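Spelled out, the chains give:
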Amino acid sequence: MKKNEIVEVEITDLSYEAMGVGHVNGETVFVNNALPGEVVKAQILKDKKSYAFARISEIVKESPDRVKVPLRQYVQTGLASLAHLKYDKQLEFKQKQVKELLSKAHLDDIKVADTLPSPLETGYRNKAQVPVRMVKGQLEIGFFRRHSHDLVPLEDFFTNDPEIDRVLVAVRDILREKRIPAYDEEKHAGQVRYLEVRRGTATGDMMVVLVCLDRDFPGLHAVVDEIKEIEGVKSIFLNHNPKRTNVILGEHDYHLWGKKYIDDKIGDLTFEISPQSFFQINSLQTPRLYKLAIDQAGLTKDDLIVDVYSGIGTIGLSAAKYVKEVRGVEVVKAAVKDAKNNARLNQIHNAKYYAGKAEDLMPKWAEQGLKTDVIFVDPPRKGLTKEFIDAAVKTGPKKVVYISCNPATLVRDMQLLMEAGYTTDLFSPVDMFPQTPHVECVTVLTKE
């Protein structure tokens with residue numbers, strides 16, 4: 001196959017990135033926006049000899065599971081790359097992903113539950129981080145086209161809380177009016193790189209973060225004066241990111257106006273959220289995720305739990321009323337401070353938070369005679385380190401409750417825990433990110 005060649009492909013599967021999978025003359029073809037059961041004419045974009053990437057030029061036979069998406073940019077950019085698939089089929093796709101990962105690891109005997117659906121299928125995100133670039137001479141916000149740095153201008157981001165989109169557009173218009181230059185990646189010049197807007201779903205309070213190349217620039221104060229007049233905005237920060245990097249946020253946040261935190265709720269608990277706080281994106285699904293994990297853990301009033309990657313304390317504080325003591329461990333000192341504040345805010349007295357690495361702290365606690373009953377982990381996508389797993393096993397917890405945003409690393413880490421004598425018989429997928437291929441997963445590993 002050659003670039004720009006048109007080939008007819010029968011789509012038989014979806015890849016983990018939600019691209020249609022077909023075969024032509026023994027070569028695998030990944031077709032953007034195609035669904036299983038469809039026959040499409042596809043234009044080859046890139047041929048890698050054993051596989052190729054393509055886009056639809058014509059749908060010859062359409063899947064009954066296809067949804068007509070009013071803005072194909074959602075699928076083009078990867079912002080909502082499953083938006084063209086019916087929601088019940090999205091849930092099946094996510095369950096299938098987890099089953100296939102377990103099958104590849106020869107763990108077919110582990111049951112995979114039906115994916116827990118989200119209360120909201122769109123408009124569920126409580127935080128947006130969107131790039132700001134110049135497009136055809138005008139400052140725009142949007143999302144990068146998949147596998148590129150070409151900005152697709154957007155005003156409706158589909159998965160964001162609509163109130164967040166309203167504020168994003170209002171801030172964009174202020175930046176245009178004040179003639180603030182957008183960041184230019186090639187020249188490493190301009191000012192505003194990204195806009196971050198967070199909204200407390202329970203309170204309606206919103207925080208605006210301007211991610212900028214410089215700490216200060218002409219027109220900043222005038223911009224802040226305009227942003228603070230936007231309905232719902234209670235807090236404004238500047239995040240300083242002076243580096244040539246694809247990382248969105250820099251290390252330092254500067255408070256420009258209003259509150260230093262906004263509030264949101266998980267169940268009956270209130271949490272203060274700062275610009276870089278980790279807080280689950282889907283506020284309505286989060287209490288259901290945590291309840292599932294806590295229920296499956298079978299906690300008792302005599303348990304001491306260690307909450308690793310504890311962030312601002314959301315999981316540990318949610319579990320605190322069921323146990324004797326919670327110890328949270330987090331390497332980010334600002335998050336530890338926030339977790340302590342959140343414990344005080346909710347009048348929870350049996351939760352303590354520590355700055356450091358769990359693999360350093362947990363062995364010291366064990367030497368002091370502290371017995372860990374249950375470990376909760378909710379790591380980043382890269383999963384757990386072997387050093388942590390070794391340290392956790394040495395402290396001898398009865399259970400490890402693993403909440404994962406990446407089932408591939410969950411299966412990898414689980415195999416190491418199984419070598420140490422832990423077992424599980426159930427994986428529970430949870431849809432935290434409707435319209436995307438991402439799936440959260442919960443499992444409880446037990447050692448008799």
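Residues numbered from 1 in each chain as written. Predicted model: local features only at pLDDT ≥ 70, side-chain atom pairs only at ≥ 80, totals over all residues. Heavy atoms only, no water.

**Focus on the nonpolar core**
Thought 1: Residues Leu299, Ile305, Leu317 and Phe376 are the most contacted members of the largest nonpolar core, which totals 45 residues.
Thought 2: Ranked by residues supplied to this core, first place goes to helix H5 (residues 286-297) with 5 residues.
Thought 3: Core analysis: the second largest hydrophobic core is formed by 32 residues, Leu139, Phe157, Val197 and Met206 among them. (Core = buried A, V, L, I, M, F, W, Y, C linked by side-chain atoms within 4.5 Å. Buried < 20%, exposed > 50% of the residue type's maximum accessible area, 1.4 Å probe, protein only. Helix = DSSP H or I, 4+ residues; strand = E, 2+ residues; numbered from the N terminus.)

**Quick look at the pattern of salt bridges**
Thought 1: Scanning the model with the defined rule gives 27 salt bridges in all.
Thought 2: When the shortest N-O distance is used, the salt bridge between Glu38 and Arg66 registers 2.8 Å. Remark: Arg66 occurs in the loop between strand E5 (51-61) and helix H1 (73-77) and Glu38 occurs in the loop between strand E3 (27-32) and strand E4 (39-47); sequence separation between them is 28 residues. When sorted by exposure, Glu38 lands in the same class as Arg66, which is buried.
Thought 3: Between Lys386 and Asp390 there is a salt bridge, and its shortest N-O distance comes to 3.1 Å. Of the two residues, Lys386 and Asp390 are both situated in helix H9 (residues 386-394); the distance of 4 residues between them amounts to about one turn of the helix.
Thought 4: Residue class for Lys386 comes out partly exposed when judged on its relative accessible area of 48%. (Salt bridge = Lys/Arg side-chain N within 4 Å of Asp/Glu carboxyl O.)

**A few points about the packing of helix H8 (residues 358-367) against H9**
Thought 1: Where H8 contacts H9, the axes come no closer than 9 Å and their chain directions differ by 15°. The orientation of H8 with respect to H9, classified from their angle, is roughly parallel. Every pair of crossing elements has a handedness; the one defined by H8 and H9 is left-handed. In this structure, H8 contributes Ala358, Glu359, Met362 and Pro363 to the contact, and H9 contributes Glu387, Phe388, Ala391 and Ala392.
Thought 2: Residue classes in the contact of H8 with H9 are distributed as 6 nonpolar, no polar and 2 charged. (Axes fitted to C-alpha atoms, helices over the stretch in contact; angles between N-to-C directions. Parallel < 35°, antiparallel > 145°, perpendicular 65-115°, else oblique. Left-handed = near helix turned anticlockwise from the far one by under 90°. Contact = heavy atoms within 4.5 Å. Nonpolar A, V, L, I, M, F, W, Y, C, P; charged D, E, K, R; others polar.)

**Focus on the sheet that holds strand E12 (residues 233-240)**
Thought 1: Taken together, the 7 strands give an open sheet; going across it, the order is E9-E8-E7-E10-E11-E12-E13, and neighbouring strands pair in mixed fashion. Looking at the sheet topology across the chains shown, the edges are occupied by strand E9 (151-153) and strand E13 (252-258). Pairwise comparison of adjacent strand axes, ignoring direction, gives a mean angle of 35° for this sheet.
Thought 2: Where strand E8 (residues 138-144) lies against E9, 3 bridges are found, and the strand directions are antiparallel. Paired with Phe143 across the bridge in E9 is Val152.
Thought 3: On top of the sheet, helix H3 (residues 162-177) reaches strand E7 (127-135), E8, strand E10 (192-199), strand E11 (206-212) and E12; it is set at about 145° to E10, its chief contact. (Pairing = 2+ DSSP bridges.)

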